[in-house]
Amino acid sequence: MKPQNIAIVGAGLVGSLWAVYLAKKGHKVSVFDRRSDIRKVKIIQGKSINLALSDRGWRGLINAGLEEDIRKVALPMNGRMMHYTSGDLTYQQYGKEGQAIYSVSRGLLNQTLVNCAARHENVEVFFNHQCKDIQLDTNTVQFFDTENNESKHLTFDRVFGTDGAFSAVRNRLQRLERYDYSQEYLNHGYKELEIPPGPDGKHQLDVTSLHIWPRGEFMMIGLPNVDGSITCTLFMAYEGKDAFENLKDEKTIRAFFEQHFPDAAPLMPELVEDFNNNPTGSLVMIKCNPWHYQDKICIMGDAAHAIVPFYGQGMNCGFEDCFVLFELMEKHGDDWATMFSEFTRLRKPNGDAILELALRNYIEMRDKTADPMFLLQKKIEARFNEKYPHLWTPLYSMVSFSHIPYKDALMKGDQQDAIMKKVMDRADIFEMWDSDEVENHILELVQNVNETLLSTQ
Ligand SMILES: Cc1cc2nc3c(=O)[nH]c(=O)nc-3n(C[C@H](O)[C@H](O)[C@H](O)COP(=O)(O)OP(=O)(O)OC[C@H]3O[C@@H](n4cnc5c(N)ncnc54)[C@H](O)[C@@H]3O)c2cc1C
């Protein structure tokens, strides 16, 4: 493959991983980020977002040779622990025995990935460089160097936009004729809070679980950090009864947490300070098409598909982008035009599918995880999957523990859901859930779906 002079705009999670992939192929890679050097920032784990890393993300990292580096900053979570207002807890394993998703601090992960990219001789990273625009005919990127207060115009063979949801690279593509773009905000936002380590330096809640406090219209989640703290995130409407607009002062904040999160509130000594000091983050969904321009520009990660975080898949999907584009690079060699158009063709439907799945999962997490019918349904599905793994994979496992394209997972998930709806409608389901009769009922319904699919092919 002919070595190229390549720019990556955005040294976030996806950009720094993609730099490693390109450098492996012998390209000269310059990575630009508008922020100052993240490696010089002290990351306070309980106070920074943490992310769930699952199989798709791991594959992207492993294929780039970074598994060892990332394992050091990742903690396995084998299941969800639901916390009820009564103080009761329910545990639900995510996948099969030994399967886990991993909690990683976004700041630590980003630092590690930038280090991994920068240690490669083909990669140079430039911070304080904000992309302002791109001249398409020459592939010249206009940067503003915020340290030296100067504009720079730099020309590249290829430009990759990994500059996040509000991408400047995508913004340039949006000005092309017939470019599709849509953006929608959720009317819920989020707030980061902290449960610090206990007096013994250890986690104050089970370290092998992702903690969820499902409360119907809102919820809080908690993910463990390697330093013994737990980062909690409250997701809630901006306006309405239980909403950010009503938590204005110490009294209302404390009363709200004591009422709704009575087991967590005493573990948060800086609750009010954190609540007041940490910004309320907004949640945006962005779709666009295509994800490339000729053989010159390609966008990846949140720049191409910003989704809500409720399936824990935004970053995972971005790392999968890197894996897929690298495979296309191996396949198409120097034919960048085909490589890019194939990337849009293959990935765009999957980006749309994970956006839909993530949106649906919000309702599932905040509302249904507290519902006994839902918990029973998951138990029945897990049992059936155990006995007939070739016939049934729970949707969560398809998304988090497999590499089935998201669009296929969405379709199969809908078929399985229709089957489970019929099964859960049985009047005797609570008594009969683990009987042969229910098992045969599911088998029969699965067979019907398979026959229908065969007859339409
Ligand atoms: C609350 C929350 C929880 C989440 N939880 C999960 C989770 O559990 N699992 C998961 O997989 N995903 C999760 N996500 C999503 C995940 O954070 C994103 O999908 C991921 O960060 C996307 O990576 P990226 O590299 O595409 O973009 P970003 O991480 O946003 O990086 C973009 C980079 O581009 C730089 N940049 C921006 N504009 C410019 C410019 N004009 N010029 C130069 N540089 C620029 C930025 O400084 C930044 O460094 C969560 C998101 C949120 C908000």
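This one's a predicted model, so the numbers in the text were calculated from it and none came from an experiment. (Residues numbered from 1 in each chain as written. Predicted model: local features only at pLDDT ≥ 70, side-chain atom pairs only at ≥ 80, totals over all residues.)

Considering the site of the ligand
So, step 1. Taken together, 33 residues form the shell around the ligand, and within it Gly-10, Gly-12, Gly-164, Gly-301 and Gly-314 come nearest.
So, step 2. Those elements giving two or more residues to the shell around the ligand turn out to be helix H1 (13-24), strand E3 (50-53), strand E9 (129-135) and helix H8 (314-332).
So, step 3. Grouping the constituent residues of the shell around the ligand by class yields 14 nonpolar, 14 polar and five charged. (Near = placed C-beta within 6 Å. Helix = DSSP H or I, 4+ residues; strand = E, 2+ residues; numbered from the N terminus. Nonpolar A, V, L, I, M, F, W, Y, C, P; charged D, E, K, R; others polar.)

Details of the sheet that holds strand E10 (residues 140-145)
So, step 1. Taken in spatial order, the three strands make up an open sheet running E9-E10-E11, and their pairing is antiparallel. Of all the strands in the sheet, just E9 and strand E11 (150-155) have a single pairing partner and so form its edges. Strand-to-strand, the axes of this sheet are offset by a mean angle of 25 degrees, without reference to chain direction.
So, step 2. Sheet topology note: the E9/E10 ladder contains six bridges and is antiparallel. Along E10, the bridge assignment pairs Gln-135 with Thr-140. (Pairing = 2+ DSSP bridges. Axes fitted to C-alpha atoms, helices over the stretch in contact; angles between N-to-C directions.)

Focus: the packing of helix H10 (residues 372-387) against helix H12 (residues 406-424)
So, step 1. Between H10 and H12, the shortest axis-to-axis distance is 11 Å and the interhelical angle comes to 115 degrees. As far as their axial angle goes, H12 and H10 are roughly perpendicular. Here H10 runs over H12; the crossing is right-handed. On H12, the residues touching Met-373, Gln-377, Ile-380 and Glu-381 of H10 are Met-420, Val-423 and Met-424. (Parallel < 35°, antiparallel > 145°, perpendicular 65-115°, else oblique. Left-handed = near helix turned anticlockwise from the far one by under 90°. Contact = placed C-beta atoms within 7 Å.)

Let's talk about the domain arrangement of the protein chain
So, step 1. Segmenting the protein chain into domains produces domain 1 (5-75 + 100-183 + 284-361), domain 2 (185-282) and domain 3 (371-455).
So, step 2. Once you take the C-alpha centre of each, domain 1 and domain 2 turn out to be 29 Å apart.
So, step 3. With 13 residues of domain 1 at the interface, the matching set in domain 2 holds 16 residues.
So, step 4. Listing elements by their share of the side of domain 1 that touches domain 2, those giving two or more residues are E3 and strand E7 (101-105).
So, step 5. Here the residues of the side of domain 1 that touches domain 2 sort into six nonpolar, six polar and one charged. (Domains from an automatic or database assignment.)

With respect to H8
So, step 1. For H8, which comprises 19 residues, the first-to-last C-alpha distance of 27 Å matches the rise-based estimate of 27 Å (1.5 Å per residue) to within 8%.
So, step 2. Inspection of H8 places Gly-314, Met-315, Asn-316, Cys-317, Gly-318, Phe-319, Glu-320, Asp-321, Cys-322, Phe-323 and Leu-325 among the buried residues, and these make up the whole buried set.
So, step 3. For H8, the elements touching its buried residues are H1, E3, helix H2 (55-63) and helix H9 (336-366).
So, step 4. One or two residues past the end of H8 sits Gly-333, with phi positive at roughly 55 degrees. (Expected span 1.5 Å × (residues − 1). Buried ≥ 20, exposed ≤ 12 C-beta atoms within 10 Å, placed from the backbone.)

Structural notes on unusual backbone geometry
So, step 1. Omega for the bond connecting Asn-289 with Pro-290 falls within 30 degrees of zero, at -5 degrees, which places this linkage in the cis form.
So, step 2. Notably, Arg-178 is not glycine yet its phi reads approximately 60 degrees, a positive angle.
So, step 3. Its place among the elements puts Arg-178 in the loop between helix H5 (168-174) and strand E13 (180-195).

Overview of the pairing of strand E15 (residues 219-224)
So, step 1. By the criterion of burial, E15 is predominantly enclosed, with six of the six residues buried.
So, step 2. Taking every second residue as pointing to the same face, both faces of E15 are buried, with Met-219, Ile-221 and Leu-223 on one and Met-220, Gly-222 and Pro-224 on the other.
So, step 3. As defined by bridge partners, strand E14 (residues 209-214) adjoins E15 across four bridges and the pair is classed as antiparallel. The residue of E15 that forms the bridge with Ile-212 is Ile-221.
So, step 4. Counting the residues between successive antiparallel strands, the hairpin from E14 to E15 contains four residues, one of them, Gly-216, with a positive phi of roughly 80 degrees.
So, step 5. Pairing of E15 with strand E16 (residues 230-237) involves six bridges; the strand directions are antiparallel. Along E16, the bridge assignment pairs Pro-224 with Ile-230.
So, step 6. Between the end of E15 and the start of E16, which pair antiparallel, lie five residues, with Gly-228 showing a positive phi angle near 95 degrees.

Some points on the sheet that holds strand E17 (residues 281-289)
So, step 1. The strand order E6-E5-E14-E15-E16-E13-E17 describes an open sheet built from seven strands, whose pairing is mixed. Whereas interior strands pair on both sides, the edge strands pair on one side only; in this sheet they are strand E6 (89-93) and E17. Each strand of the sheet is rotated relative to its neighbour by a mean of 25 degrees, with strand direction disregarded.

Describing the nonpolar core
Proteins that are soluble and globular tend to have nonpolar side chains buried together.
So, step 1. With 115 residues, the main nonpolar core has Val-9, Leu-17, Trp-18, Ala-19 and Met-300 as its most contacted residues.
So, step 2. Ignoring anything within four residues of it in the chain, the contact list for Trp-18 reads Ile-8, Phe-160, Thr-162, Met-300 and Cys-322. (Core = buried A, V, L, I, M, F, W, Y, C linked by C-beta atoms within 7 Å.)

Examining the environment of Leu-113
So, step 1. As for its position among the elements, Leu-113 is in helix H4 (residues 106-118).
So, step 2. Judged by local crowding, Leu-113 falls into the buried class, with 27 C-beta atoms found within 10 Å.
So, step 3. Distance in space between the C-alpha atoms of Leu-113 and Gly-15 is 9.0 Å, their sequence separation being 98 residues.
So, step 4. In contact with Leu-113, other than residues within four places in its own chain, are Leu-13, Ser-16 and Leu-17.

A short note on the pairing of E6
So, step 1. Two strands pair when backbone bridges link them, and strand E5 (residues 79-83) and E6 are joined in this way by five bridges, in the antiparallel orientation. Across the sheet, the residue bridging to Arg-80 is Gln-92, located in E6.
So, step 2. Connecting the antiparallel pair E5 and E6 is a turn made up of five residues, with Gly-87 showing a positive phi of about 100 degrees.

Notes on the environment of Arg-35
So, step 1. By secondary structure assignment, the location of Arg-35 is in the loop between strand E2 (28-32) and E3.
So, step 2. It is 5.9 Å that separates the C-alpha atoms of Arg-35 and Phe-127, two residues lying 92 residues apart in sequence.

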